[in-house]
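These are the residues of each chain, in order.
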Amino acid sequence: MKRANFVMMLRRYPFNSLRSKLMALFVILTSAPLIAVGIVSYQKSFQTLSDYSKAANALVAENFLQELDMMFLNASRLLELENNPMVRRFLFSQTETYPEAMGILQTFQLYREMYQLNELVLNVTLVNLYGKGISERKGVFQLNQNLRKEPYFQTLLETPDETLYVPPSSIPAVPKLDGLDYGGKRTISIMSTIKQPITHQVIGFITIDLDSSVVQQFSETNRIGKTGYFFVADRNGKPIFLPGPEAADHNGLPPLTDVARFGGTKGQLVDNSLGMPVFVIYTISSQTGWYIVGQVPLAEITRDAAQIRNLIFASAILSVVVAITLYFYLTNRMTRPIQILKNKMRLAASGYLEAKAQIDGTDEIADLGRSFNTMLEQIKQLLDRSIE
């Protein structure tokens, strides 16, 4: 019994009426295509804008990588001094020869002018295993320390064919062999061995100190969105060049400290290790093995696409509202004559046969009204005949 009453209630429910069904059909037919087109457009725009933003930032990283590699390549030209006979004689001999020392200093200057290294290279130092050395800033000098006990020189003695690129934040710091500093300037040191050409025996070392401001400036001036930024990490993925607080607004977005785990020489990915989705782009320098890393919250990369999505949603909602408003306007004009005719029929059913419909128009509803009026006339005539 209760179930039957519930079914009857549903049948009388307004949304189960023909008008409600027509409204639902009207809304679907008018809004569904717009919503479908909006979803497709959003997906396309999201992919296009995201790809464009990622490609643009990848291009920035690649351009800087080329500049960085070219900078180190030009500076590494000074490593060719290993093949200079005057350098070998100076390092191999324990006696000081003024002509050789002057020749070496003139060679330093020649390389500077040839490869335009005057602004980049701060100093070049040559030193043998016994502490005899020469630098651009100090000239000839003699060390009292044993270089074999210094960590970086120990590494070079163990792997004499390797070239070390030591960032300014390294611990321990590269020792200033000539005893002079750079007035607070941060330096990148290129270190390598000098060997005998036949026996390949290590007879000394060369250290090239570079001004690191070029690398630092890249991190300071290149941004990704409002809070994203680029930084440089060493071979182990540890950040070594970060934008300063006055140049970057990356509160809440610390730099990744384990970029090396990503693998490969370059890549793009979304990382969640910082507690939020972060878009990361990285590439590795072929000269130094350092990482050029850019990171930005994923929401900033997709911000334009999200705005398009919100616009599409707003348009879809507005279209539904317009469709419903238009539907009620049209259906009121269409159903009002039917409602009037229904009321006339109820009056006629109650016995009032003068309840004739007012005919206005030539459409199907008007034709139905004429038929209703004709039916009433015929009923009245039948009643009149039956009375007679």
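In the block above lies the structure referred to throughout.
Being a predicted model, the structure only gives us computed values, none of them experimental. (Residues numbered from 1 in each chain as written. Predicted model: local features only at pLDDT ≥ 70, side-chain atom pairs only at ≥ 80, totals over all residues. Heavy atoms only, no water.)

**Considering unusual backbone geometry**
Here Gln116, not a glycine, exhibits a phi torsion of approximately 55 degrees, which is positive. For Gln116, the position within the fold is in the loop between helix H4 (98–114) and strand E1 (121–128). Judged by its relative accessible area of 72%, Gln116 falls in the exposed class. In the Ramachandran plot, His200 falls in the positive-phi region, its phi being about 60 degrees despite a non-glycine side chain. Along the chain, His200 turns up in the loop between strand E5 (187–195) and strand E6 (202–211). (Helix = DSSP H or I, 4+ residues; strand = E, 2+ residues; numbered from the N terminus. Buried < 20%, exposed > 50% of the residue type's maximum accessible area, 1.4 Å probe, protein only.)

**What to know about helix H9 (residues 364–387)**
The end-to-end C-alpha separation of H9 is 35 Å, in line with the 34 Å expected for 24 residues at 1.5 Å each. All buried positions along H9 are accounted for by Ala366, Gly369, Phe372, Asn373 and Leu376. (Expected span 1.5 Å × (residues − 1).)

**A few points about the pairing of strand E8 (residues 228–233)**
Every other side chain in a regular strand lies on the same face of the sheet, so the side chains alternate between the two faces. Along E8, six of the six residues are buried, which leaves the element largely enclosed by surrounding structure. Here E8 shows two buried faces, one formed by Gly228, Phe230 and Val232 and the other by Tyr229, Phe231 and Ala233. In this structure, strand E7 (residues 223–224) lies alongside E8, joined through two bridges in antiparallel fashion. Residue Arg223 lies in a different strand from E8, and its bridge partner there is Tyr229. Where E7 folds back on E8, the antiparallel hairpin that results is connected by three residues, among which Gly225 adopts a positive phi of roughly 70 degrees. With five bridges joining them, E8 and strand E12 (residues 291–297) adopt antiparallel strand pairing. What sits directly across from Tyr229, in E12, is Gln295. The pairing of E8 with strand E9 (residues 239–241) spans two bridges and is antiparallel. Note on E9: the bridge partner recorded for Val232 is Phe241. (Pairing = 2+ DSSP bridges.)

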